[in-house]
Amino acid sequence: MELDELNAHHHALHNELVCIEYPGRVRNPDRMIASFGGQVQLSTAICSDKRRLELRFRPDSVYSKPAFGDRNETTGILLKLKIRRKRSDLSEVEVRSIKIAGHVSTQYKFESMCDFQLLPAFRNSAGTVECLYDEIVPSGVSSSNPVDKPGKVPFFLPPISFSRFDTTQLTIFKTKENVADLMGRSERGRARRTKHGIYKHFNLTDELPTEPHPLSMENKTAFWKMHGGPEGESNTLRTVRQSFQDRPIWTKTALKCILQLNEEDIKFILPIVAFYFLTGPWRGTWCRFGYDPRKHFESRYYQLLDFRVRSIGALHDKVKIKRSQKPTKPCMRSSNPPVNLNRGKDNQSQSRQLSSKTDCIFTVDTQPQMRIIFYQYCDVQVPEIQQMLQDMTEPVACDEKTGWLPLRFDEQCRNILMGIVVANFRKQGAPSANTSASEFEETEGDETEMTFDEDEDMDDFDDSGDEKFNTFGESSKMEMAE
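Everything quoted here is computed from the prediction, not taken from an experiment. (Residues numbered from 1 in each chain as written. Predicted model: local features only at pLDDT ≥ 70, side-chain atom pairs only at ≥ 80, totals over all residues. Heavy atoms only, no water.)

**Some thoughts on the pairing of strand 11 (residues 304-308)**
The line we're drawing: Three exposure classes are used, based on accessible area relative to the maximum for each residue type with a 1.4 Å probe and protein chains only: buried under 20%, partly exposed in between, and exposed over 50%. In DSSP terms, a helix is any run of H or I states spanning at least four residues, a strand is any run of E spanning at least two, and both are numbered starting from the N terminus. By the convention used here, strands pair only if DSSP detects at least 2 bridges between them.
Most of strand 11 sits inside the fold, with 5 of its 5 residues counted as buried. Side chains of strand 11 alternate between two faces, with L304, D306 and R308 and L305 and F307 buried alike. Note that strand 11 and strand 12 (residues 372-376) share 5 bridges and pair antiparallel. Directly across from D306, in strand 12, lies its bridge partner F374.

**Considering unusual backbone geometry**
Look at Q260: it is not a glycine, yet its phi comes out positive at around 55°. Among the secondary structure elements, Q260 is positioned in the loop between helix 7 (252-259) and helix 8 (263-273). Phi at R408 takes a positive value of approximately 65°, unusual for a residue other than glycine. Its place among the elements puts R408 in the loop between helix 11 (383-390) and helix 12 (409-427).

**Section: the nonpolar core**
For soluble globular proteins, the rule of thumb is that nonpolar side chains tend to be buried together. The following threshold applies: Residues belong to one nonpolar core when they are buried, are Ala, Val, Leu, Ile, Met, Phe, Trp, Tyr or Cys, and are joined through side-chain atoms within 4.5 Å. Two residues qualify as a contact provided that any one of their heavy atoms is within 4.5 Å of a heavy atom in the partner residue.
Judged by nonpolar contacts, the single largest core of 39 residues is most densely connected at W282, Y377, V382, I385 and L417. Among residues more than four places away in sequence, those in contact with Y377 are R300, Y301, Q303, L304, L305, I385, Q386, L389, L405, F409, D410 and C413. Counting 20 residues, the second-largest nonpolar core is a separate cluster that includes L237, W250, A254 and I361.

**Structural notes on the pattern of salt bridges**
Opposite charge on two side chains allows them to pair when their charged atoms are near. Worth spelling out the cut-off: Put simply, a salt bridge is a Lys or Arg side-chain nitrogen that is within 4 Å of an Asp or Glu carboxyl oxygen.
Under the criterion given, the structure shown has 12 salt bridges. The shortest N-O distance in the salt bridge between R52 and D70 comes to 2.8 Å. Of this pair, R52 sits in the loop between helix 2 (38-47) and strand 2 (53-55) while D70 sits in strand 3 (residues 67-85); the two residues are 18 residues apart in sequence, bridging distant segments of the chain. Owing to a relative accessible area of 24%, D70 belongs among the partly exposed residues under this scheme. Among the charged side chains, a network of salt bridges with common partners joins R283, D306, D410 and R414.

**Things to note about the packing of helix 6 (residues 236-246) against helix 8**
Put simply, the rule is: Axis definition: a line fitted to C-alpha atoms, limited for helices to the stretch in contact. Angles are taken between N-to-C directions and run from 0 to 180 degrees. For classification purposes, an angle smaller than 35 degrees is called roughly parallel, one larger than 145 roughly antiparallel, one from 65 to 115 roughly perpendicular, and anything else oblique. Take the far helix as the reference: if the near one is turned anticlockwise from it by less than a right angle, the crossing is left-handed, and if turned clockwise, right-handed.
The interhelical angle for the contact between helix 6 and helix 8, taken along N-to-C directions, is 45°, at an axis separation of 10 Å. Classified by the interaxial angle, the pair formed by helix 6 and helix 8 is oblique. Judged by the sense of rotation from one axis to the other, the crossing of helix 6 with helix 8 is right-handed. Residue-level inspection shows T236, L237, V240, R241 and F244 of helix 6 in contact with helix 8, the latter providing I269, L270, I272 and V273.

**A look at the state of the cysteines**
Here, the word disulfide means a covalent bond between the sulfur atoms of two cysteines. Applicable threshold: To count as a disulfide, a pair of cysteine sulfur atoms needs to be within 2.5 Å.
Enumeration according to the criterion identifies 1 disulfide in this entry. Bridging C257 to C360, the disulfide has an S-S length of 2.3 Å. An S-S torsion of about 75° defines the bridge between C257 and C360 as right-handed. Pair noted here: C257 is in helix 7 and C360 is in the loop between helix 10 (350-353) and strand 12, with a separation of 103 residues, a long-range link. Note on C378: no disulfide assigned, nearest cysteine sulfur contributed by C360 at a separation of 9.5 Å. On the basis of relative accessibility, which here comes to 23%, the residue C378 falls in the partly exposed class.

**Describing the side chain of R310**
Definition in use: Counting of polar contacts relies on pairs of N or O atoms within 3.5 Å, with two restrictions inside protein: one atom must be capable of donating a hydrogen and the other of accepting it, and residues adjacent in sequence are counted only when both atoms are side-chain atoms.
Tracing the sequence through the fold places R310 in the loop between strand 11 and helix 9 (315-318). A polar contact is formed between the side chain of R310 and the side chain of N415, at a distance of 3.1 Å.

**Side note on the pairing of strand 12**
Where burial is concerned, most of strand 12 is hidden: 5 out of the 5 residues are buried. Residue alternation in strand 12 divides its side chains into two sets, I372, F374 and Q376 and I373 and Y375, and both sets are buried.

**Examining the sheet that holds strand 7 (residues 199-200)**
Here we have 4 strands laid out as an open sheet, ordered 7-9-10-8, and mixed in their pairing. Strands with a single pairing partner mark the edges of an open sheet, and in this sheet they are strand 7 and strand 8 (249-250). Bridge count for strand 9 (residues 274-277) against strand 10 (residues 286-288) is 3 bridges, and the pairing is antiparallel. Each bridged residue has a counterpart across the sheet, and for F275 the counterpart in strand 10 is C287.

**Some remarks on the sheet that holds strand 1 (residues 16-21)**
Pairing is mixed across the open sheet formed by 4 strands, whose spatial order is 1-4-3-2. Every interior strand has two partners, whereas the edge strands, strand 1 and strand 2, have only one. The mean angle between the axes of side-by-side strands here comes to 55°, regardless of whether they run parallel or antiparallel. By the bridge criterion, 3 bridges tie strand 2 to strand 3 in an arrangement that is antiparallel. Considered in strand 3, the bridge of L55 is made with A67.

**A short note on a nonpolar patch on the surface**
The test is simple: Residues form patches when they are more than 30% accessible in relative terms and have no salt bridge. Like charges link within 9 Å. Nonpolar side chains (Val, Leu, Ile, Met, Phe, Trp, Tyr) link within 5 Å. Where accessible areas are quoted, they stem from the Shrake-Rupley method and a 1.4 Å probe; at the residue level, only the protein chains shown are allowed to cover.
On the surface, L13, I77, L79, L81, I83, V93, V95 and I98 cluster together into a nonpolar patch covering about 650 Å² of accessible area. Put simply, the parts of the chain that give the nonpolar patch at least two residues each are strand 3 and strand 4 (93-109). Residue contributions to the nonpolar patch peak at 4 residues, all from strand 3. With respect to the helices and strands, V95 occurs in strand 4.

**Description of the packing of helix 11 against helix 12**
Each pair of packed helices can be described by the angle between their axes along with the distance between the axes. Condition: Residues are grouped as follows: Ala, Val, Leu, Ile, Met, Phe, Trp, Tyr, Cys and Pro are nonpolar; Asp, Glu, Lys and Arg are charged; every other residue, Gly included, is polar.
Close contact between helix 11 and helix 12 brings their axes to 10 Å; oriented N to C, the two are set at 160°. Taken as axis vectors, helix 11 and helix 12 run roughly antiparallel relative to one another. For the element pair helix 11 and helix 12, the recorded crossing hand is right-handed. On the side of helix 11, the interface is formed by E384, I385, M388 and L389, while helix 12 contributes F409, Q412, C413, I416 and L417. Classifying every residue of the contact of helix 11 with helix 12 gives 7 nonpolar, 1 polar and 1 charged.

**So, the confidence of the model for the chain**
Spelled out, the test is: For every residue, the predictor assigns a confidence score, pLDDT, that lies between 0 and 100.
Taken residue by residue, the chain gives an average pLDDT of 75. The fraction at 70 or more is 67%. In the model, residues 324-330 has pLDDT below 50 throughout and makes 4 contacts with residues more than four positions away in sequence or in other chains. Taken as a whole, residues 459-482 scores under 50 in pLDDT and shows 39 contacts with residues more than four places along the chain or in a different chain.

Structure, rendered in structure tokens:
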């Protein structure tokens, strides 16, 4: 169709419109708007970017479960047509005029399933079905005495929602073996833990491993393939081996930030050169095969110190919380962007690939980027703490809970580090400048969230081994409580 320049001024392309695909045939526009809760509720949902559009087919009933429409971005125009039909032949249509009524950038689609609808209908003594909505739901001011016994009105207490989700879920309630046979190998599911690392609970009696898991050498071959052949060991793998020779115990975060390794490389290398401590003074660290920290007094420098920024003044506004992949409760009223389960390496966050030195090394000028950080004492470059470690006398034996350090030594170090953090933020003019170190004990313990910097290491834990995955959470909570 050619452009009619004479009638171009009739077009209203600047008008911004919202398209709603109503799941039904609209004969009465007023009743359609009432099903959305009225113009006020409709405008509120449209103006909010993360709110879903509620549609109730029985808006006058409090027991009506809504159907939710999702907001989608689109590009389109609304055309206003004037046509002419012949009475003799209604199929013959002549377009008289076309005008642009506006452009559409937002569209609501009702593609989810509706919840179950339970009506307050009961069968009476005569055998007919009767609706008792007026008797169950009061209307207006009640004039009856609340002490009086109610009439023969049956109880009607339906749940708020019958289903947590309004989208189809791939759930097969079978045993694990049958589910694997029915579903097959899918890229959408989580990959099986195949790194074959060795994970040990700390005690004073068990022997520590001296060699890696035999199946971990398969990961070594895969690592070579990723780096173009066996010469890969002469670079990354050999560097990590030498680092464990110089320092027998590392955290994965320290290796990543000091050697500048990414997650994809280090997850194959660590099970080959070291084993992982689940509990004890060296929990969350990787220890070189053949090294026993229980026999070496110098291993006190490699023990783990969990430092937490306490709730003092406005420090929690300055220091954010590190949250790993957390489960969120589903909410049908709010719309969340779809999660791509087929993410590849290119879509991984760079912050999880390379770590900053502030995540593993604490100096007198450090300003923590997270509220909970785990340091090794050798990485706490504070002269006062290093002098305390150096002047320490060797105890008779290693303790199962405190290692080579005396009781409450970690609390003294936390107070020192907290004083440094407050002083550093005071230099920036933070509101916590008037807070003294004497207030630390009053606010300690407000951070109830327990997060390990090495939480990614637990993804390697093999369920088929002697150690169970759920024991890590219980043992860690006992350690933190003590």
